[in-house]
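# What the coordinates show
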Amino acid sequence: MGQPHDRSRHHFLRRPQQQTAPTTLHFTFPNMPKAAKDSSPPPKTRRPRATKKAAKDPNKPKRPMTAFFIFSGEHRDEVKKANPDLKVGQIAKVLGERWRALSDAEKAKYQVKVDAEKKRYDAEMEAYNAAGGAAAAAHEDEEEDDE
């Protein structure tokens, strides 16, 4: 009949054993503080509530735009007309690619506009602060509430 069947040669035909969930190993190190060796989670504590932000003053001058934002404002309509199916984020990507493709000389044109905007902003901030800034605006709000 032949030689007895050698099962070791056909080990690949055996059914795989069911895998059990991996056991959790707990390691402790001798130089760890006692509290760190404890495997129980720390007690839950409530985070303190965030304090409310101060209301923004609507009279405060707006900060000047960056050169890229000025560029984007000028070229956004052009990109929309060329690609009407693009979403807002995709339009921003196209504008970013165009901005990166500009040379320093072309970007300088927008930097001049930024400098002019910064001068305007500084002048408006001086006037705003001279008038009392946020304190004056808060005082005006109180007077309106009294009426």
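Every value quoted in this text rests on a predicted model; they were computed, and no experiment measured them.

Calculation rules
Residues numbered from 1 in each chain as written. Predicted model: local features only at pLDDT ≥ 70, side-chain atom pairs only at ≥ 80, totals over all residues. Heavy atoms only, no water. Salt bridge = Lys/Arg side-chain N within 4 Å of Asp/Glu carboxyl O. Helix = DSSP H or I, 4+ residues; strand = E, 2+ residues; numbered from the N terminus. Buried < 20%, exposed > 50% of the residue type's maximum accessible area, 1.4 Å probe, protein only. Expected span 1.5 Å × (residues − 1). Phe/Tyr/Trp six-rings, centres within 6.5 Å; stacked < 30°, edge-to-face > 60°. Contact = heavy atoms within 4.5 Å. Core = buried A, V, L, I, M, F, W, Y, C linked by side-chain atoms within 4.5 Å. Polar contact = N/O pair within 3.5 Å; in protein donor to acceptor, adjacent residues only side chain to side chain. Axes fitted to C-alpha atoms, helices over the stretch in contact; angles between N-to-C directions. Parallel < 35°, antiparallel > 145°, perpendicular 65-115°, else oblique. Left-handed = near helix turned anticlockwise from the far one by under 90°. Nonpolar A, V, L, I, M, F, W, Y, C, P; charged D, E, K, R; others polar.

On to the pattern of salt bridges. All chains considered together, the criterion is met by five salt bridges. Note that Lys 118 and Asp 122 form a salt bridge whose closest N and O atoms lie 3.6 Å from each other. Residue Lys 118 and its partner Asp 122 are located together in helix 4 (residues 104–130), separated by four residues, close to a single helical turn. A relative accessible area of 42% means that Lys 118 is categorised as partly exposed. Where Glu 124 meets Arg 120, a salt bridge forms, and the shortest distance between an N and an O atom there is 2.8 Å. With a gap of four residues between them, Glu 124 and Arg 120 both fall in helix 4, about one helical turn apart. A relative accessible area of 34% places Glu 124 in the partly exposed class. Salt bridges sharing partners connect three or more residues here, namely Glu 117, Arg 120 and Glu 124.

In this model helix 3 (residues 88–101) runs 20 Å from its N-terminal to its C-terminal C-alpha over 14 residues, within 8% of the 20 Å that 1.5 Å per residue would give. When we look at burial in helix 3, the residues that qualify are Ile 91, Val 94, Leu 95, Gly 96 and Trp 99.

What the rule picks out here adds up to five aromatic pairs. Measuring from centroid to centroid gives 5.9 Å for Phe 68 and Phe 69, while their planes differ by 75°, and the two rings are edge-to-face. The class for Phe 68 is partly exposed, based on a relative accessible area of 27%. Note on Phe 71 and Tyr 110: the rings are 5.5 Å apart at their centroids and 90° apart in plane angle, and the pair reads as edge-to-face. With Phe 71 in helix 2 (residues 67–82) and Tyr 110 in helix 4, this pair connects stretches of sequence that are 39 residues apart. As far as the burial class goes, Phe 71 and Tyr 110 line up, both buried.

Inspection of the secondary structure assignment puts Leu 86 in the loop between helix 2 and helix 3. Dropping the residues within four chain positions of it, Leu 86 is found in contact with Ile 91 and Val 94.

Ranked by size, the top nonpolar core spans seven residues in total: Ala 67, Ile 70, Phe 71, Trp 99, Leu 102, Tyr 110 and Val 114. Where this core is concerned, the elements lending two or more residues are helix 2 and helix 4. Considering each element in turn, this core owes the most residues, three residues, to helix 2. In contact with Phe 71, not counting residues within four places along its chain, are Leu 95, Arg 98, Trp 99, Leu 102 and Tyr 110.

Another aspect to go through is the side chain of Asp 57. In this structure, Asp 57 sits in the loop between helix 1 (34–37) and helix 2. Engagement of the side chain of Asp 57 in a polar contact is seen with the side chain of Tyr 128, the distance being 2.3 Å.

Okay, the packing of helix 2 against helix 4 next. Taken N-terminus to C-terminus, the directions of helix 2 and helix 4 make an angle of 110°; their axes are 8 Å apart at the nearest point. What the angle tells us is that helix 2 and helix 4 run roughly perpendicular. Relative to helix 4, helix 2 is oriented so that their crossing is right-handed. Taking contact as the criterion, the partners of Ala 67, Ile 70, Phe 71, Glu 74 and His 75 in helix 2 are, on helix 4, Tyr 110, Gln 111, Lys 113 and Val 114. Of the residues in the contact of helix 2 with helix 4, the class split is five nonpolar, two polar and two charged.

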